[in-house]
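# Chain and residue survey
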Amino acid sequence: MSRRARELGALNVGQGFPDYDIDPRLAELTAEAMRQGHNQYAPMEGVVELRERIARKLAASYGGEFDPQSQITVTLGATEAIYSAVQAVVGPGEEAIAFDPAYDSYEPAVRLAGGRCVRLPLMPPDFRYDWDRVRATIAPRTRLILFNTPHNPACTTATADDLDALAAITRDRDIVVLSDEVYEHVIFDGRVHASVLSHPELRQRSFAIFSFGKTLHATGLRVGYCVAPPELTGELRKVHQFNTFSIANPLQSAIAAYLVEKPQTGHELAGFFQAKRDRLCKALAGSGFALPPAQGTFFQLLDFGRLLPCGDLEFAERALTDARVATIPLSPFYAEPPQLSVVRLCIAKKDQTLDEAAARLADLGAKLRNS
Ligand SMILES: Cc1ncc(COP(=O)(O)O)c(C=O)c1O
């Protein structure tokens, strides 16, 4: 979609990356870190100052204590953390359960470990978990459940009841949870993020995965981290050590310094993105499209069902060629897609980009209503 958007000169509100500048202070601190000589290999598990800052940030958000030495590993974005965690616990012939629509790196990571990814659908329009179905799917060879909240691309958030169900299902079984929480701070309308780290039982058997790319509006930083109990961290590091070995030292040092200067980093994101979500939804009110308000993430779903009775791939093509707006259909995130009348829009964009995308989509809506 991004390539076709470029070719057609379309507005890209599909792929999830900000089109506005980062905080210039982060750029200054990165230059300073290089001038100060933080240019050689960082420790395999991550720069100590950064892991200490992460531990404080986690304790403030989720309570309890986090040991930077034995529980926190800095990774090459969340993607490497997902990959290394999967390799650490899934072996040949074993299974992992993921929920569709699933972030696209989950299944390849499981297959590269020699395992099989069993994908359970979250059904539109609500995309909620069917825990009875999960229970019925668990087999003696199930090693891992991949969980994601706030959820990309469904734009939903898990609840405390979901965490309890996940804990009950994995209790007394040799199953680990991988909780992808890269949008931990991007949660709307006063909801509270249901982190496995705030659930004392799940915390004992989970990898919780985060991304500074999301929190600092800089997806190109490629710095993330994984939080897990010491035994799981030990296994993850065996993979991480021979996969990436260590992560860019100046970036880690700069992020650590940034968190010292701005310890509240992340807490502004809910308000920032909620305002963008509301701006987009308001601009499209009355257009004929329905926009079920996103509960979290950088995204908002656009429901075209009342305007065009077609599949989401066809609608995305129409939006691209007729309205010159690139969106992301949800069916490619499913192993077996149901009938879907929604596409995903990225709200991590300048207000003017969102306004222009809304104007173009509203024109398309008017054209479809009149045809
Ligand atoms: C749900 C989810 N997990 C993981 C990632 C990857 O994060 P990173 O860019 O830090 O590798 C993304 C990025 O879009 C995502 O949406």
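It should be noted that the structure appears before, not after, this text.
Notes on the structure follow. (Residues numbered from 1 in each chain as written. Predicted model: local features only at pLDDT ≥ 70, side-chain atom pairs only at ≥ 80, totals over all residues. Heavy atoms only, no water.)

### A look at the overall build of the protein chain
So the rule is basically this: By definition, any uninterrupted DSSP run of H or I lasting at least four residues is a helix, any uninterrupted run of E lasting at least two residues is a strand, and each is numbered from the N terminus. Both definitions apply: the radius of gyration is a C-alpha atom measure, and the globule rule equals 2.2 Å times residues to the power 0.38. Working definition: with a 1.4 Å probe on protein chains only, accessible area under 20% of the residue-type maximum means buried, over 50% means exposed, and in between means partly exposed. Accessible surface is estimated by sampling points in the Shrake-Rupley manner with a 1.4 Å probe; for residues, cover comes only from the protein chains shown. By the counting rule applied here, Lys and Arg register as positive and Asp and Glu as negative, while His and the ends of each chain are not counted. By convention, the charge on Lys lies at NZ, on Arg at CZ, on Asp at CG and on Glu at CD.
Secondary structure summary: the protein chain contains 15 helices and twelve strands in total. Computed over C-alpha atoms, the radius of gyration of the protein chain comes to 21 Å, within 12% of the 21 Å expected from 2.2 N^0.38 for 371 residues, which places it in the range of a compact globule. The principal-axis extent of the C-alpha atoms belonging to the protein chain is close to 65 × 55 × 35 Å. Put simply, the protein chain has 371 residues, and 58% of those count as buried. Within the structure as shown, the protein chain displays about 15400 Å² of accessible surface, and the carbon and sulfur contribution to it stands at 51%. Charge centroids of the protein chain, computed over 40 positive and 45 negative side chains, lie 3 Å from each other.

### Looking at the site of the ligand
Which entries qualify depends on this criterion: Summary of the distance rule: residues count as near a molecule or strand when at least one heavy atom falls within 4 Å of that molecule or strand. For the purposes of these results, a polar contact is taken to be a pair of N or O atoms within 3.5 Å, where, inside protein, one atom must be able to donate a hydrogen and its partner to accept one; residues adjacent in sequence count only when each atom of the pair is a side-chain atom.
Close contacts around the ligand come from 13 residues, with Thr-79, Asp-180, Ser-211, Lys-214 and Arg-222 the closest. The contact in question runs from an oxygen atom of the ligand to an N or O atom on the side chain of Thr-79, over 2.6 Å. In this structure, Tyr-183 approaches the ligand through a side-chain N or O atom, which is 2.8 Å from an oxygen atom. For the shell around the ligand, the leading source of residues is helix H5 (residues 77-89), giving four residues.

### A short note on helix H12 (residues 249-261)
Spelled out, the test is: How far a helix is expected to stretch is found by multiplying one less than its residue total by 1.5 Å. Here, two residues are considered to be in contact whenever any of their heavy atoms come within 4.5 Å of each other.
Its 13 residues place the ends of H12 19 Å apart at the C-alpha level, agreeing with the 18 Å of an ideal helix rising 1.5 Å per residue. Along H12, the residues that are buried comprise Asn-249, Pro-250, Gln-252, Ser-253, Ala-254, Ile-255, Ala-256, Tyr-258 and Leu-259. In the core, the buried residues of H12 are packed alongside helix H2 (24-35), helix H3 (48-62), strand E2 (72-75) and helix H10 (212-215).

### Re the sheet that holds strand E11 (residues 328-329)
In sheet architecture, strand pairing relies on hydrogen bonds along the backbone and comes in two forms, parallel and antiparallel. How we decide: Two strands qualify as a pair provided that DSSP identifies no fewer than 2 bridges between them.
The strand order across the open sheet built from three strands is E9-E12-E11, with neighbouring strands paired in antiparallel fashion. Either end of the sheet is taken by a strand with one partner, and the two such strands are strand E9 (299-303) and E11. Judged from the five bridges that link them, E9 and strand E12 (residues 342-346) form a sheet pairing that is antiparallel. Within the sheet, the bridge partner assigned to Gln-300 lies in E12 and is Leu-345.

### Notes on the packing of aromatic side chains
Applicable threshold: Working definition: a ring pair exists when centres of Phe, Tyr or Trp rings (six-membered ring for Trp) sit within 6.5 Å. Plane angles under 30 degrees give stacked, over 60 give edge-to-face, the rest tilted. Geometrically, a charge over a ring is one whose NZ (Lys) or CZ (Arg) sits within 6 Å of the ring centre while staying within 35 degrees of the ring normal.
Throughout the structure, instances matching the rule amount to 17 aromatic pairs. Plain terms: the ring middles of Tyr-129 and Trp-131 are 5.0 Å apart, the flat faces sit at 15 degrees to each other, and that makes the pair stacked. For Trp-131, a relative accessible area of 10% puts it in the buried group. On the numbers, 5.3 Å between centres and 35 degrees between planes, the contact of Tyr-129 with Phe-147 is tilted. Remark: Phe-147 occurs in strand E5 (residues 142-148) and Tyr-129 occurs in the loop between strand E4 (116-121) and helix H7 (131-137); sequence separation between them is 18 residues. The class of Phe-147 is buried, set by a relative accessible area of 0%. Aromatic ring contacts, followed pair by pair, group Tyr-20, Tyr-183, Phe-272, Phe-273, Phe-298 and Phe-299 into a single cluster. Against the face of Phe-66 rests Arg-203, its NZ or CZ located 3.8 Å from the ring centre. Its guanidinium or amino end placed over the ring of Phe-299, Arg-344 lies 3.7 Å from that ring's centre, counting from NZ or CZ.

### Focus: the state of the cysteines
Let me state the cut-off plainly: Pairs of cysteine sulfur atoms within 2.5 Å are what we label disulfides.
Applying the stated criterion to the full structure yields zero disulfides. The structure places no disulfide on Cys-155, whose sulfur is separated from the nearest cysteine sulfur, that of Cys-346, by 9.9 Å.

### Details of the side chain of Asn-148
By the element assignment, Asn-148 lies in strand E5. From its side chain, Asn-148 meets the backbone oxygen of Pro-150 in a polar contact 3.1 Å long. Here the side chain of Asn-148 touches Asn-152 through a polar contact of 3.1 Å, landing on its backbone nitrogen. For Asn-148, the residues in contact, after removing those within four places along its chain, are Tyr-106, Tyr-129 and Asp-180.

### Quick notes on the layout of surface pockets
The gaps of empty space that remain are located by a probe, the size of a water molecule, rolled over the atoms. As a reminder, the rule being used: Each cavity reported here is a set of points on a 1 Å grid over the protein atoms alone in which a 1.4 Å probe fits but cannot get out, each pocket an open set with protein on both sides within 12 Å along at least five of seven lines, and each lining residue one with an atom within 4 Å of a point. Grid points are joined across faces, edges and corners, and a volume is the space filled by probe spheres set on the points. As a working rule, the residues Ala, Val, Leu, Ile, Met, Phe, Trp, Tyr, Cys and Pro are called nonpolar, Asp, Glu, Lys and Arg charged, and the rest polar, with Gly in that last group.
Taken as a whole, the largest pocket holds about 530 Å³ of empty space. Secondary structure elements with two or more residues in the lining of the largest pocket: H5 and H10. In terms of residue count, H5 provides more of the lining of the largest pocket than any other element does, three residues in total. Residue composition of the lining of the largest pocket, by class: nine nonpolar, eight polar and five charged. Quantified by volume, the second largest pocket comes out at close to 270 Å³.

### Overview of the pattern of salt bridges
The cut-off we apply is this: We define a salt bridge as a contact between a side-chain nitrogen of Lys or Arg and a carboxyl oxygen of Asp or Glu at a distance within 4 Å.
This model, assessed by the stated rule, comprises 28 salt bridges. One salt bridge in this structure joins Glu-28 and Arg-25, with 2.7 Å as the shortest N-O distance. Placement of both Glu-28 and Arg-25 in helix H2 is noted, with a separation of three residues, approximately one turn of the helix. Accessibility expressed as a relative area gives 42% for Glu-28, which makes it partly exposed.

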